[in-house]
Structures are given as structure tokens and as C-alpha cells.
There are 2 protein chains.
Amino acid sequence: MSDAGAVGIGVPTVYGMSASGNCYKVRLLLEQLGRDYRWIEVDSSRGQTRTPEYLARNANGKVPLLELDDGRRLAESNAILCFLAEGSALLPADAWRRAQVLQWLFFEQYSHEPYVAVARFICGWLPADHPRRAELPRLRERAHHALALMERELAARDFMVDGGYSVADIALYAYTHDAPRGGVDLDGYPALRAWIARVEATPGFVPLRVELP
Amino acid sequence: MSDAGAVGIGVPTVYGMSASGNCYKVRLLLEQLGRDYRWIEVDSSRGQTRTPEYLARNANGKVPLLELDDGRRLAESNAILCFLAEGSALLPADAWRRAQVLQWLFFEQYSHEPYVAVARFICGWLPADHPRRAELPRLRERAHHALALMERELAARDFMVDGGYSVADIALYAYTHDAPRGGVDLDGYPALRAWIARVEATPGFVPLRVELP
């Protein structure tokens, strides 16, 4: 895309785990903005976010983490998206559209990711006999509640917020398209599946890379 | 405070439950901005967010919900804070400070509220023999992890983000100051307790109103 997003920040470094949807959000945005960046792989599933070195960077022990050339650091995937997209078409300047983008970003972190992403993690990264599998029925029920809300919105518009593709779509696409890995089927959501295809057709789109353990 | 935040939106209506920290955030901000607003009490603990009438307003069945004079609606407490605070000192114009405000708002909804607020809800609103009390040890452990991160930040600065009081403080104050109601003691967090006193001394501060069932 032609607009470059946040300016004057040099070449940022992303600490991330490639298979994580939260980290993929940041990579997808940087690619679509055509920005240079460094990527340092940190495998949270193998404890690499709990080392003293990593906790000194992010005391909350999570990826992704954005680090600027001058050492300033920013955590929380959706805050990173907003910071990097500022000034580009992916974060609307219009106050109401911007508010709606934020509404969907908070929805994603509170009502979507804790179910869709956690079901995916349990199925994809934990052993088949792990006790956390007992959480799956409730997680899948709540995941479907979130997807049904998205379906309702996407039956009425092409992207999550009127005005076109935005960081709200990036944030929600990240785990939604891979929900079946957590046993959350997308067959009942035709508008959502059409939106997934539209996101994947945006300029500069790159897919999530998952290498299972 | 003298700066008025979002302009040109008339007199908004807030659908909210007074005892909810998420709803209180919006009330505290509107009071501190000196804005007129209407408040419609919706008691989510008694099913009032699950009625057909309310679900037609917010399909996600949550409070708070902001409704403008022209019928436009915005959900998600922290998105509402950003929308209303735009243009005021409570949402910094500086890109990096704004990014840090968003970082703490997402932290609040992902790593703080699901533990601090849920422990408070179980202790304050559910019967003493309710099976969800089994969740309390884990919730309190995660709550203390979130509070320890805040303590670390607040040992180094007066408010969550350099530059002064912001919506990040409003969002985090809402449940933090009432954490003891969920059995999450604040005695071990001197910097955090000093910050609570600073928030309560800001111009136009109004306290949370809790009437237990």
C-alpha cells in the first residue's frame, strides 16, 4: 500500500512468535504498509517469554513486542497496530470510524481472542491428553458467539468498519481464519468466509505461518 | 476540567450499571470533562443486558454502551473513553504517549479486568456457596500479577503514562481501587496506593457507587 503509517521511527524490531495470531497481526500490517522491520523469533510455547532477558524487555512476558531504534518499547498487539497504522488508510482519521475500529479491537481482545485463540492453542500446541482439553466445550461455545456477532456485521458491510479495510480487519482476521484448528468450524458463517477471502485479496497480504511442534 | 473532549455529539446517553467498573469509567470521564449526558441504568446482574430490547442495541449484550442523539452506538468501555476524550488532555496528542495509553487500555481488558473484576463480581454479587468461588485462587493470583506490573510502573511515575493523568488511569483505577472487594489486598503495593490517592484528587473526580444486592 502506498501510505506508510507511523513515520520517523526508523526500522523497528518485532519480538514475536510466527505461529501466534497476535504476532502475525503486526507482521501483516508491516508488510502491507511496505515498512522495513527486523523480526526476532521468541517461542512463548517453549518458555522464551519467561527468561530474565525477555522479562527485562516486557515485564508482562508476552509477545508481540515492538522495539524502536532508540530502545522505546510498546506491548499489546492492538496498541502496536494503532501506533504503526497512524497516518495510513488502515486507521481512519474520521473520529467515529476510528472509534468503531477501537471498539472492534477491544472486542477482539475481550470477547474473541480468549476463546478462538485459546481453543486453537489447546488443540494445536498441547498434548492430546492434556487436562486443559476440558475447557474446549465452553471455549468453542463462546468462540461461536463471537463469530456470530462478526457474521451479523459482515452481512451488512465488506469490512468490519464502513470505509474499507482497517486494522480492525487485521486484528480479527488473525485468529478467525485459523479458528478451525481449534475445532471451531466456519461453515455456518458465509458472510465471514467471504470477508476472509476479501482480506486475503488486499494488497501486500501475507499468510500466517504455522509450524506445529 | 476545561477541555471538553469529543465535540459536536450533542448530549450522549450511557446505558450502564452503576456498580460496574467498566461503566463507571465512562461516568468518571464524562464528569471530569464537564459533559452533559443521560444515564440509563441497566442491571446486567439481573439479566437486563439479555432482553430482546437491549440486544437490539448491543448484540454483544454488554454495558456500557454509548448512544448519540442521532442513534449511533459505540460499545466497549475503553473505546468509549478514547472517543469521548479525543481532543482533551486525557488522550495525549503525542503519538508515542497515545500508543502507551492504548497499551495500558488493552492490558486492562486482557490482563487485569478478567481477574480483578471477575474476583470482585464473584465475591460481591454471587451467593457465598456459588461454585464459581472455586475460580478465586487462580483469579487472585493473576490479579496480583497485574497489580505488581502496575506497582512497578507507578514506582517510576505519577500516572500510568508520562505527561499526566489520562484515560489509561481512569480505565485502570476503575477496578483496581475496589480490588479488595474481590479478596485482592492492596497492602503490598505502596506506589499503587499513592496513585489511587492521586487519581481521587484529580479535578471533578466522582467515586464509584456500589449498592450490593
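Predicted model, so just to flag it, every value in this text is computed and none were measured.

Here we look at the relation of the copies chain A and chain B
Superposing chain A onto chain B requires a rotation of 180 degrees together with a translation of 0.0 Å along the rotation axis, leaving an RMSD of 0.0 Å. Here the transformation between the copies is reduced to the relation of a two-fold axis. Identified as the residue of chain A closest to the rotation axis by C-alpha distance is Y110(A), at 3.1 Å. Here 100% of the interface residues in chain A have copies in chain B that are interface residues too; the copies meet face to matching face.

Digging into the sheet that holds strand β3 (residues 65–67) of chain B
All names here are of chain B. Strand order in the open sheet formed by four strands is β2-β1-β3-β4, with mixed pairing between adjacent strands. Pairing within the sheet leaves two strands with one partner each, and these edge strands are β2 (38–41) and β4 (73–75). Strand-to-strand twist across the sheet, computed as the mean angle between neighbouring axes with direction ignored, equals 20 degrees. Of the pairings in the sheet, the one linking β3 to β4 comprises three bridges and is antiparallel in character. Each bridged residue has a counterpart across the sheet, and for L66 the counterpart in β4 is L74.

Description of the packing of helix α3 (residues 77–85) of chain A against helix α4 (residues 95–125) of chain B
What describes two packed helices is the angle between their axes and the distance between those same axes. At a closest axis distance of 8 Å, the pairing of α3(A) and α4(B) adopts a crossing angle of 160 degrees. Overall, the two elements α3(A) and α4(B) adopt an arrangement that is roughly antiparallel. Here α3(A) and α4(B) pass one another in a crossing that is right-handed. On α4(B), the residues touching N78(A), A79(A), C82(A) and F83(A) of α3(A) are A95(B), A99(B), L102(B), Q103(B) and F106(B). Each residue belonging to the contact of α3(A) with α4(B) can be placed in one class, and the counts come to seven nonpolar, two polar and no charged.

With respect to the pairing of strand β1 (residues 13–16) of chain A
All names here are of chain A. Where β1 meets strand β2 (residues 38–41), four bridges bridge the pair, whose relative direction is parallel. What sits directly across from Y15, in β2, is I40. Read as a crossover between parallel neighbours, the route from β1 over helix α1 (residues 21–33) to β2 is right-handed. Two elements, β1 and strand β3 (residues 65–67), share three bridges in a ladder whose sense is antiparallel. For V14, the partnering residue across the bridge sits in β3 and is L66.

About the cut-offs
- Residues numbered from 1 in each chain as written.
- Chains lettered and ligands numbered in written order.
- Predicted model: local features only at pLDDT ≥ 70, side-chain atom pairs only at ≥ 80, totals over all residues.
- Least-squares fit on C-alpha atoms with pLDDT ≥ 70 in both.
- Contact = placed C-beta atoms within 7 Å.
- Pairing = 2+ DSSP bridges.
- Helix = DSSP H or I, 4+ residues; strand = E, 2+ residues; numbered from the N terminus.
- Axes fitted to C-alpha atoms, helices over the stretch in contact; angles between N-to-C directions.
- Parallel < 35°, antiparallel > 145°, perpendicular 65-115°, else oblique.
- Left-handed = near helix turned anticlockwise from the far one by under 90°.
- Nonpolar A, V, L, I, M, F, W, Y, C, P; charged D, E, K, R; others polar.
- Right-handed = clockwise from strand over helix to strand, strands pointing away.

Bear in mind that shape data such as this cannot, by itself, settle questions of function.
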